[in-house]
Every structure is written in C-alpha cells, then in structure tokens.
Amino acid sequence: MKPKRMTIALVVAAICGVFCAYGTSTVQIPGFQVTMPYLLTIFYSRLLIGLVVGLAEDVKVLKGALWNSIARGAIIGAIMSVGISFYGGAQVFIPFGMIYGALADFLATKFGS
C-alpha cells in the first residue's frame, strides 16, 4: 500500500461524499425524508469507496494503467453504492458511485503511484 495513493483516494472520496450528501439533501424524492443519519451514511459510503480504491492498486481489469484505474474505480464505486441505493429507492447512487470511484482511482493512480 502506498500512503500517497491512499491519501489522494480518501481526500477525493471525502470531497465526493460531501458533494453527494449535499446533493441528496437538496433533492425531493417522493415518499422519502432525508435525515442526518442517512446523509452521514452516504458520506461514509463514499469514503469507503476511497478506502477500497486506495487498497486496490494491484487489481488488473484492463491493459493500460489509466484505463485500468477508471474501470476498476467504476466497478468498486458501483459495488460500494449498492447498499445505499436500495434505501429510499434512489438507484441514482450507483452511477454516481461509479463516477466517484473512477475519479478517485484515476487521480490516485496518476498522482499517487
């Protein structure tokens, strides 16, 4: 594990977590009430994406370091977002998790390796 890669992945994930929690707090979902514990769960989920991305530096999905990082991050983001997507019927968390994961992995690979 490279500390610089982990730091970059966690910082990017934390920023994405704040952005995602803020976006969730401003959107009206029919039949769903946004609570502080739910917003913290969203933030925590995004932070977990960063942790797993930081640990997954040796996982190979595609050839080429940068394309591999984008694909690997998207897969990690999708998997880590499934849990929060079923609560309240907000499946939009999965594609955003893929974007956040790909972004975190790309930046961590580019600047942390």
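Note that the structure is a prediction, hence the values are computed from the model and not measured. (Residues numbered from 1 in each chain as written. Predicted model: local features only at pLDDT ≥ 70, side-chain atom pairs only at ≥ 80, totals over all residues. Heavy atoms only, no water.)

The secondary structure content of the protein chain amounts to four helices and zero strands. Secondary structure of the protein chain in N-to-C order comes out as α-α-α-α. A compact globule built from 113 residues should have a C-alpha radius of gyration of about 13 Å, and the protein chain, at 14 Å, falls within 12% of that. Dimensions of the protein chain, computed from the C-alpha atoms along their principal axes, are close to 45 × 25 × 15 Å. When burial is assessed residue by residue, the protein chain has 41% of its 113 residues classed as buried. A sequence separation of at least 24 residues applies to 73% of the contacts in the protein chain between residues at least 6 apart. (Helix = DSSP H or I, 4+ residues; strand = E, 2+ residues; numbered from the N terminus. Rg over C-alpha atoms; globule rule 2.2 N^0.38 Å. Buried < 20%, exposed > 50% of the residue type's maximum accessible area, 1.4 Å probe, protein only. Contact = heavy atoms within 4.5 Å.)

Counting 20 residues, the largest nonpolar core has Val12, Cys20, Tyr38, Ile42, Val53, Ile76 and Phe93 as the members making the most contacts within it. For this core, the leading source of residues is helix 1 (residues 3-26), giving six residues. (Core = buried A, V, L, I, M, F, W, Y, C linked by side-chain atoms within 4.5 Å.)

So, about the layout of surface pockets. Rolled over the atoms, a probe as big as a water molecule pinpoints where empty space is left. Each pocket or cavity is described by its volume, and for the largest pocket that value is around 200 Å³. In this structure, the largest pocket is lined by Phe19, Cys20, Gly23, Thr24, Val27, Ile29, Val92, Phe93, Phe96 and Tyr100. Those elements that place two or more of their residues in the lining of the largest pocket are helix 1 and helix 4 (93-112). The element contributing the most residues to the lining of the largest pocket is helix 1, with four residues. Residue composition of the lining of the largest pocket, by class: eight nonpolar, two polar and no charged. (1 Å grid on protein atoms, 1.4 Å probe; cavity = no way out; pocket = protein on both sides within 12 Å on 5 of 7 lines; lining within 4 Å. Points joined across faces, edges and corners; volume = space filled by probe spheres on them. Nonpolar A, V, L, I, M, F, W, Y, C, P; charged D, E, K, R; others polar.)

For helix 4, spanning 20 residues, the distance from its first C-alpha to its last is 26 Å, which sits close to the expected 28 Å at 1.5 Å a residue. Among the residues of helix 4, those classed as buried are Phe93, Gly97, Tyr100, Gly101, Ala102, Ala104, Asp105, Ala108, Thr109 and Gly112. (Expected span 1.5 Å × (residues − 1).)

A rise of 1.5 Å per residue sets the reference length of helix 3 (residues 65-85), with its 21 residues, at 30 Å; its end C-alpha atoms lie 29 Å apart and thus fit the reference within 8%. Taken together, the buried positions of helix 3 are occupied by Asn68, Ser69, Ala71, Arg72, Gly73, Ala74, Ile76, Gly77, Ala78, Ser81, Ile84 and Ser85. Those residues of helix 3 that are buried lie in contact with helix 1, helix 2 (36-55) and helix 4.

A grouping of Val59, Val61, Leu62, Trp67, Ile70, Ile75 and Ile79 is seen on the molecular surface, where their side chains present a nonpolar patch of about 660 Å² in accessible area. As for its placement among the helices and strands, Val59 is situated in the loop between helix 2 and helix 3. According to the relative accessible area criterion, Val59 is partly exposed, its value standing at 41%. (Patch = residues over 30% accessible without salt bridge, like charges linked within 9 Å, V, L, I, M, F, W, Y side chains within 5 Å. Areas by Shrake-Rupley, 256 points an atom, 1.4 Å probe, with all protein chains shown as cover. Salt bridge = Lys/Arg side-chain N within 4 Å of Asp/Glu carboxyl O.)

Below, the discussion takes up the environment of Arg46. Positionally, Arg46 belongs in helix 2. Using a relative accessible area of 1% as the deciding quantity, one classes Arg46 as buried. The sequence separation of Arg46 and Gly83 amounts to 37 residues, and the corresponding C-alpha distance is 12 Å. Excluding residues within four positions of it along the chain, Arg46 makes contact with Ala13, Cys16, Gly17, Cys20, Ser81, Ile84, Phe93, Phe96, Gly97 and Tyr100. In terms of polar contacts, Arg46 uses its side chain to reach the backbone carbonyl oxygen of Phe93, at 3.2 Å. (Polar contact = N/O pair within 3.5 Å; in protein donor to acceptor, adjacent residues only side chain to side chain.)

The quantities given are spatial measurements derived from coordinates; they are silent on function.
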